[in-house]
Amino acid sequence: MTPVTVEEMLAARDRRAGRQRAFLAKYQVPLVYLTFNIPGPDKLPRNLEAAFPLACRQVEAALREHGWPVSGAWSETARTGCEACWAVDGPAAPIKAAMTAIEEGAPFGRLLDLDVLDASGKKLSRELPRRCLLCRRPAQLCARSRAHSVEQLLEAIGTILEEALS
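Peer 1: Just give me the short version of the nonpolar core, but keep the residues and values in it.
Peer 2: Val32, Leu34, Phe36, Trp86, Met99 and Phe108 are the most contacted members of the largest nonpolar core, which totals 32 residues. Looking at this core, the elements that each hand over two or more residues are β1 (31-36), α2 (48-65), β3 (81-88), α3 (92-105), β4 (112-117) and α5 (150-165). In terms of residue count, α2 provides more of this core than any other element does, eight residues in total. With eight residues, the next largest nonpolar core counts Phe23, Leu24, Leu31 and Ala87 among its residues.

Shown next as structure tokens:
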């Protein structure tokens, strides 16, 4: 594994923002954007690439279940991680609720970051904060205080992915 640099992650974030702007301009509907919450310099830990299509299928199944048509979609696996985007013809707030349900309920949902942008590009926020992978406190508190090492978090992520794929 060659570590991903901060510069590469910043460039990936810029590309992601550009893709989002292009999708918003083209489709003029809300977007669902999938990435994974993976700490440290290795953004493609073991089993993540196998979990990515499963995560995409879960998103697509939820959109179908609610009757929200997909106008356009895109996905990519790169050194900086796995990403997917869907332009969804539906109401942004209920779409966000459905994506939060996946994050909270799927076997590896805690590793997913399912952002929803409304048709104007405004990112919708979660109602409740995410919980830490290890201690269940609010994740932002643990991240800010560096309560857990990257190694501890990656071990937990590895276990979650193995269990989800078995």
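Moving on from the model shown.
Peer 1: Lay out α5 in plain terms, naming residues and giving numbers.
Peer 2: Between its first and last C-alpha atoms α5 spans 22 Å; for 16 residues at 1.5 Å apiece the expected length is 22 Å, and the two agree. Every buried residue of α5 is listed here: Leu153, Ala156, Ile157, Ile160 and Leu161. Looking straight down α5, one finds its buried side chains confined to an arc of 135 degrees; they lie on one side. Exposed side chains of α5 directed beyond 90 degrees from the buried face belong to Glu151, Glu155 and Glu163. Where α5 is buried, its residues touch α2.

Peer 1: Can you lay out the layout of surface pockets for me, pointing to particular residues and giving the numbers?
Peer 2: In this structure, the largest pocket spans a volume of roughly 1300 Å³. For the largest pocket, the lining is made up of 36 residues, of which Phe36, Asn37, Ile38, Pro39 and Lys43 are closest to its centre. Of all the elements in the fold, those that place two or more residues in the lining of the largest pocket are α1 (6-27), β1, β3, β4, α4 (139-145) and α5. Counting residues per element, the lining of the largest pocket draws most heavily on α1, which supplies six residues. Taken as a whole, the second largest pocket holds about 370 Å³ of empty space. Broken down by element, the lining of the second largest pocket gets its largest block of residues, six residues, from α3. Considered class by class, the residues forming the lining of the second largest pocket number seven nonpolar, two polar and nine charged.

The rules behind the values
- Residues numbered from 1 in each chain as written.
- Predicted model: local features only at pLDDT ≥ 70, side-chain atom pairs only at ≥ 80, totals over all residues.
- Heavy atoms only, no water.
- Core = buried A, V, L, I, M, F, W, Y, C linked by side-chain atoms within 4.5 Å.
- Buried < 20%, exposed > 50% of the residue type's maximum accessible area, 1.4 Å probe, protein only.
- Helix = DSSP H or I, 4+ residues; strand = E, 2+ residues; numbered from the N terminus.
- Expected span 1.5 Å × (residues − 1).
- Arc of directions from axis to C-beta.
- Contact = heavy atoms within 4.5 Å.
- 1 Å grid on protein atoms, 1.4 Å probe; cavity = no way out; pocket = protein on both sides within 12 Å on 5 of 7 lines; lining within 4 Å.
- Points joined across faces, edges and corners; volume = space filled by probe spheres on them.
- Nonpolar A, V, L, I, M, F, W, Y, C, P; charged D, E, K, R; others polar.

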